[in-house]
Amino acid sequence: AVFISYSFQQASPAYHSIPKLLFSCDFPILGMAGAVWEDLQGLAWFLLLFLAALGAGRLVLLRFNREGAPVLESFAITATLGYGVLSYGCFVLATLHLLYRPVFRIAIPVIALFYLAWIFSADGKTFLCSLGNDLRTVFSSAPGFLTGILLFIFITDVVMAFVPETFYDALVYHLGVPNFY
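Each chain has its residues counted from 1, running along the sequence as written. Only residues with pLDDT of at least 70 get local features here, since the model is predicted, and only at 80 or more are side-chain atom pairs given and counted; chain-wide, interface and lining totals rely on the full set of residues. Computation of side-chain values: all heavy atoms of the structure, hydrogens and water removed.

Colleague: When you look at the overall build of the chain in this model, what are you seeing that I'm missing?
Modeller: Helix numbering and strand numbering both begin at the N terminus, where a helix is a DSSP run of H or I of at least 4 residues and a strand a DSSP run of E of at least 2. The number of helices and strands found in the chain is 8 helices and 0 strands. N-terminal to C-terminal, the α/β element order of the chain is α-α-α-α-α-α-α-α. The cut-offs for exposure are 20% and 50% of the maximum accessible area for each residue type, with area from a 1.4 Å probe on protein chains only; residues under the lower value are buried, those over the upper are exposed, and the others partly exposed. Residues classed as buried in the chain amount to 21% of the 181 residues present. In the chain, 59% of the contacts between residues at least 6 apart in sequence involve partners at least 24 apart. Only carbon and sulfur atoms are counted for the fraction: they give 74% of the accessible area of the chain, which is about 12900 Å². Contact criterion: two residues are considered in contact whenever any of their non-hydrogen atoms come within 4.5 Å of each other. Using the Shrake-Rupley algorithm and a 1.4 Å probe, accessible areas are obtained, with residue cover drawn only from the displayed protein chains.

Encoded structure:
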């Protein structure tokens, strides 16, 4: 958000509408605060989608007997299956002409809340403890440079998530097509 230019902020009222409401002045730092607010909303939706994917994937994995499967592997498969279920759910909603923002904004938090309810149960807490132990084992046994590379990639991805998209294909197709709905 710090790298957003002042002229871009002036051209985009969404980036400085919230600070302007709060302070009723036009200082560039307040515009950046508005950009951070927009990014935090996007981050919140990302977390909700991730929790919803975990919840949907968990529902799929309940059908299979996975006794003795490593917890870290189950977590990765749960997330992967969950994103697939959410994708097919969006496809079905679009096919039925029901893919509207209100439907999406209600369904995703509801699925995420069901997963959060499971996380706070006894089984969920045991799962999280086992997942933490597995992650600690993996990172403690990995060489230092590999951990550094993984952290660098993760931090770079997080920083790039807060930068506005400028590539033509992403702006026109990937970000433009969902606006048709």
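Colleague: So what exactly am I meant to see when it comes to the packing of aromatic side chains here?
Modeller: Two numbers describe a pair of aromatic rings. These are the distance of the centres and the angle of the planes. Stacked, edge-to-face and tilted labels apply to pairs of Phe, Tyr and Trp rings (six-membered ring for Trp) whose centres lie within 6.5 Å, assigned for plane angles under 30 degrees, over 60, and everything in between, in that order. Under the definition given, this model contains 5 aromatic pairs. Where Phe46 meets Phe50, the ring centres are 6.4 Å apart and the plane angle is 15°; that geometry is what we call stacked. Of the two residues, Phe46 and Phe50 are both situated in helix α3 (residues 28-61); the distance of 4 residues between them amounts to about one turn of the helix. Classification of Phe50 by relative accessible area gives partly exposed; the value is 25%. Here Tyr115 and Trp118 contribute two aromatic rings whose centre-to-centre distance is 5.6 Å and whose plane-to-plane angle is 40°, an arrangement assigned as tilted. Within this pair, Tyr115 and its partner Trp118 are both found in helix α5 (residues 101-119), separated by 3 residues, close to a single helical turn. What makes Tyr115 buried here is its relative accessible area of 5%. With relative accessibility at 17%, the residue Trp118 sits in the buried group.

Colleague: Just to check I follow, could you spell out unusual backbone geometry for this structure?
Modeller: Phi angles above zero are rare outside glycine, and His97 is one such case at about 60°. Structurally, His97 can be placed in the loop between α4 (71-95) and α5. Taking relative accessible area as the criterion, His97 reaches 61% and is therefore assigned exposed.

Colleague: Help me understand the confidence of the model for the chain, please; the structure alone is not making it clear to me.
Modeller: Confidence in the prediction of the chain, expressed as mean pLDDT, is 76, and 72% of residues score 70 or more. Residue-level confidence of the predictor is summarised by pLDDT, bounded by 0 at the bottom and 100 at the top. Low pLDDT, under 50, characterises residues 1-10; the stretch is placed with 20 contacts to residues that sit more than four places away or in other chains.

Colleague: How should I be thinking about α4 in this particular structure?
Modeller: Residues spaced three or four apart along an α-helix point in a common direction, a consequence of the helix completing one turn every 3.6 residues. Expected helix span is taken as 1.5 Å per residue step, with the number of steps being one fewer than the number of residues. Taking 1.5 Å per residue as the helical rise, α4 with its 25 residues ought to reach 36 Å, and the 36 Å between its terminal C-alpha atoms agrees with that figure. Here α4 has its buried residues at Val71, Ser74, Thr78, Ala79, Gly82 and Leu86. In the segment just after α4, His97 is the residue with positive phi, at about 60°.

Colleague: So what exactly am I meant to see when it comes to the side chain of Ser74 here?
Modeller: One can find Ser74 in helix α4. Sequence-distant contacts of Ser74, that is, excluding residues within four places in its chain, are made with Leu61, Arg66 and Ala69.

Colleague: Can you help me understand the environment of Phe75 in this one?
Modeller: Relative to the assigned elements, Phe75 resides in helix α4. Residues Phe75 and Leu128, spaced 53 residues apart in sequence, show a C-alpha to C-alpha distance of 9.7 Å. Setting aside anything within four residues of it in sequence, one finds Phe75 in contact with Phe50, Leu54, Phe127 and Leu131.

Colleague: Honestly, the environment of Phe139 in this entry has me stumped. Any pointers?
Modeller: By the element assignment, Phe139 lies in helix α6 (residues 122-141). By relative accessible area, which is 41% here, Phe139 ends up partly exposed. Discounting chain neighbours no more than four positions away, the residues touching Phe139 are Thr147 and Leu150.

Colleague: How should I be thinking about the packing of α4 against α6 in this particular structure?
Modeller: Helix-helix packing is characterised by the crossing angle of the two axes and by the distance between the axes. Taken N-terminus to C-terminus, the directions of α4 and α6 make an angle of 110°; their axes are 8 Å apart at the nearest point. Taken together, α4 and α6 sit at an angle that is classed as roughly perpendicular. Facing α4, whose interface residues are Val71, Leu72 and Phe75, α6 presents Phe127, Ser130, Leu131, Asp134, Leu135 and Val138. Of the residues belonging to the contact of α4 with α6, the class tally is 7 nonpolar, 1 polar and 1 charged. Orientation is described by axes fitted as lines to C-alpha atoms, over the contacting stretch for helices, and by angles from 0 to 180 degrees between their N-to-C directions. To sort the angles, those under 35 degrees are grouped as roughly parallel, those over 145 as roughly antiparallel, those from 65 to 115 as roughly perpendicular, and the leftovers as oblique. Residues are grouped as follows: nonpolar covers Ala, Val, Leu, Ile, Met, Phe, Trp, Tyr, Cys and Pro; charged covers Asp, Glu, Lys and Arg; every other residue, Gly included, is treated as polar.

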